[in-house]
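The primary structure of each chain is shown beneath.
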Amino acid sequence: METTLVLVKPDGVQRGLVGTILARLERKGLQLVGLKLARPPRALLEAHYAVHQGKGFYESLLAFMGSGPVVAVAVRGAGAIAVVRGLMGPTNGAEAPPATLRGDFGLSRSFNLVHGSDGPGTAAAELALWFPEGLVEWEWNALRWVYDLE
Ligand code: IDP
Ligand code: MG
């Protein structure tokens, strides 16, 4: 099982899409193992987006991400990193296909509602950044209906 970080960005919180986004994750068959509403400090956002430092959109990205609360979600499942990226759709909402979160709810490249870790290394690093207290471990009884366990 993989665990990955999802953020509902400030635009998603402002637009009242937190429940919709959480519902998509849950309905897909991902287990929630971390969930919080947070107002991220600048230092956290700098660490989270270190890979984009120096790019033209970096400062506006940090300003946007610090403009209001975000919802941090840790989800677990088989191939969860790629599954979440698929549910999100590509970066630009105008290009994201229907039935993806970005495709269904936005038209912007900057304000694109969700973040999802892009690989095992970034998932581990981002989970440690956003959930330094650790995740919530629990026995998930729906597992046998979502996966082929044999
Ligand atoms: P991703 O979120 O789909 O992984 P990244 O390339 O990692 O996309 O970019 C991180 C975030 O930075 C994007 O989700 C978006 O909010 C913002 N961003 C990326 N590219 C641009 C751009 O060209 N203009 C403005 N904002 C951008
Ligand atoms: Mg990215």
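Now for a description of the structure that goes with this document. Being a predicted model, the structure only gives us computed values, none of them experimental.

1. What to know about the overall build of the protein
Looking only at helices and strands, the protein features eight helices and four strands. Start at the N end of the protein and walk to the C end: the helices and strands fall as β-α-α-β-α-α-β-α-α-β-α-α. The C-alpha radius of gyration of the protein comes to 15 Å, within 12% of the 15 Å expected for a compact globule of 150 residues. Looking at the protein as a whole, 44% of its 150 residues are labelled buried. Relative to all contacts within the protein whose residues are 6 or more apart in sequence, the contacts with residues 24 or more apart total 74%. Working note: accessible area of the protein is about 7800 Å², and carbon and sulfur atoms make up 57% of it. Looking at the protein, you have 14 positive and 14 negative side-chain charges, and the mean spots of the two groups are 6 Å apart.

2. Side note on the site of ligand 1
Contacts to ligand 1 come from Lys-9, Tyr-49, His-52, Phe-57, Leu-61, Arg-85, Thr-91, Arg-102, Arg-109, Ser-110 and Asn-112. Take Arg-85: an N or O atom from its side chain is 2.9 Å from an oxygen atom of ligand 1. One of the backbone N or O atoms of Ser-110 is found 2.8 Å from an oxygen atom in ligand 1. Against a free-state accessible area of 530 Å², the protein chains account for coverage of 77% of ligand 1. By residue class, the composition of the shell around ligand 1 is three nonpolar, four polar and four charged.

3. Re the environment of Leu-101
Tracing the backbone through its elements, the reader meets Leu-101 in helix H6 (residues 101-105). In this structure, the C-alpha to C-alpha distance between Leu-101 and Leu-113, residues twelve residues apart in sequence, is 7.8 Å. Here Leu-101 is in contact with Ile-21, Arg-24, Leu-87, Met-88, Leu-113 and Val-114, once residues within four sequence places are set aside.

4. Section: the pattern of salt bridges
All chains considered together, the criterion is met by five salt bridges. With a shortest N-O distance of 3.1 Å, Lys-36 and Glu-133 are connected by a salt bridge. Here Glu-133 lies in the loop between helix H7 (120-130) and helix H8 (143-146) and Lys-36 lies in strand S2 (residues 31-38), a separation of 97 residues in the sequence. A salt bridge links Glu-46 to Arg-42; the shortest N-O distance between them is 2.8 Å. Of the two residues, Glu-46 and Arg-42 both sit in helix H3 (residues 42-48), four residues apart, roughly one turn of that helix. Overall, the relative accessible area of 33% leaves Glu-46 in the partly exposed class.

5. Examining the environment of Ala-74
Mapped onto the elements of the fold, Ala-74 is located in strand S3 (residues 70-77). By relative accessible area, which is 0% here, Ala-74 ends up buried. The spacing of Ala-74 and Thr-4 is 70 residues in sequence and 5.7 Å in space, taken between C-alpha atoms.

6. Observations regarding the packing of aromatic side chains
Aromatic ring pairs: the centre-centre distance and the angle between the two ring planes describe each pair. Taken as a whole, this structure holds two aromatic pairs when the rule is applied. Where Phe-64 meets Phe-111, the ring centres are 4.7 Å apart and the plane angle is 55 degrees; that geometry is what we call tilted. Of this pair, Phe-64 sits in helix H4 (residues 58-65) while Phe-111 sits in the loop between H6 and strand S4 (114-116), and the two are 47 residues apart along the sequence. Between Trp-140 and Tyr-147, the ring centres sit 6.4 Å apart and the planes meet at 75 degrees, which makes this aromatic pair edge-to-face. Its relative accessible area of 16% is what places Trp-140 among the buried residues. A relative accessible area of 19% places Tyr-147 in the buried class.

Conventions used here
Residues numbered from 1 in each chain as written. Chains lettered and ligands numbered in written order. Predicted model: local features only at pLDDT ≥ 70, side-chain atom pairs only at ≥ 80, totals over all residues. Heavy atoms only, no water. Helix = DSSP H or I, 4+ residues; strand = E, 2+ residues; numbered from the N terminus. Rg over C-alpha atoms; globule rule 2.2 N^0.38 Å. Buried < 20%, exposed > 50% of the residue type's maximum accessible area, 1.4 Å probe, protein only. Contact = heavy atoms within 4.5 Å. Areas by Shrake-Rupley, 256 points an atom, 1.4 Å probe, with all protein chains shown as cover. Lys, Arg positive; Asp, Glu negative; His and termini not counted. Charge placed at Lys NZ, Arg CZ, Asp CG, Glu CD. Near = heavy atom within 4 Å. Polar contact = N/O pair within 3.5 Å; in protein donor to acceptor, adjacent residues only side chain to side chain. Nonpolar A, V, L, I, M, F, W, Y, C, P; charged D, E, K, R; others polar. Salt bridge = Lys/Arg side-chain N within 4 Å of Asp/Glu carboxyl O. Phe/Tyr/Trp six-rings, centres within 6.5 Å; stacked < 30°, edge-to-face > 60°.

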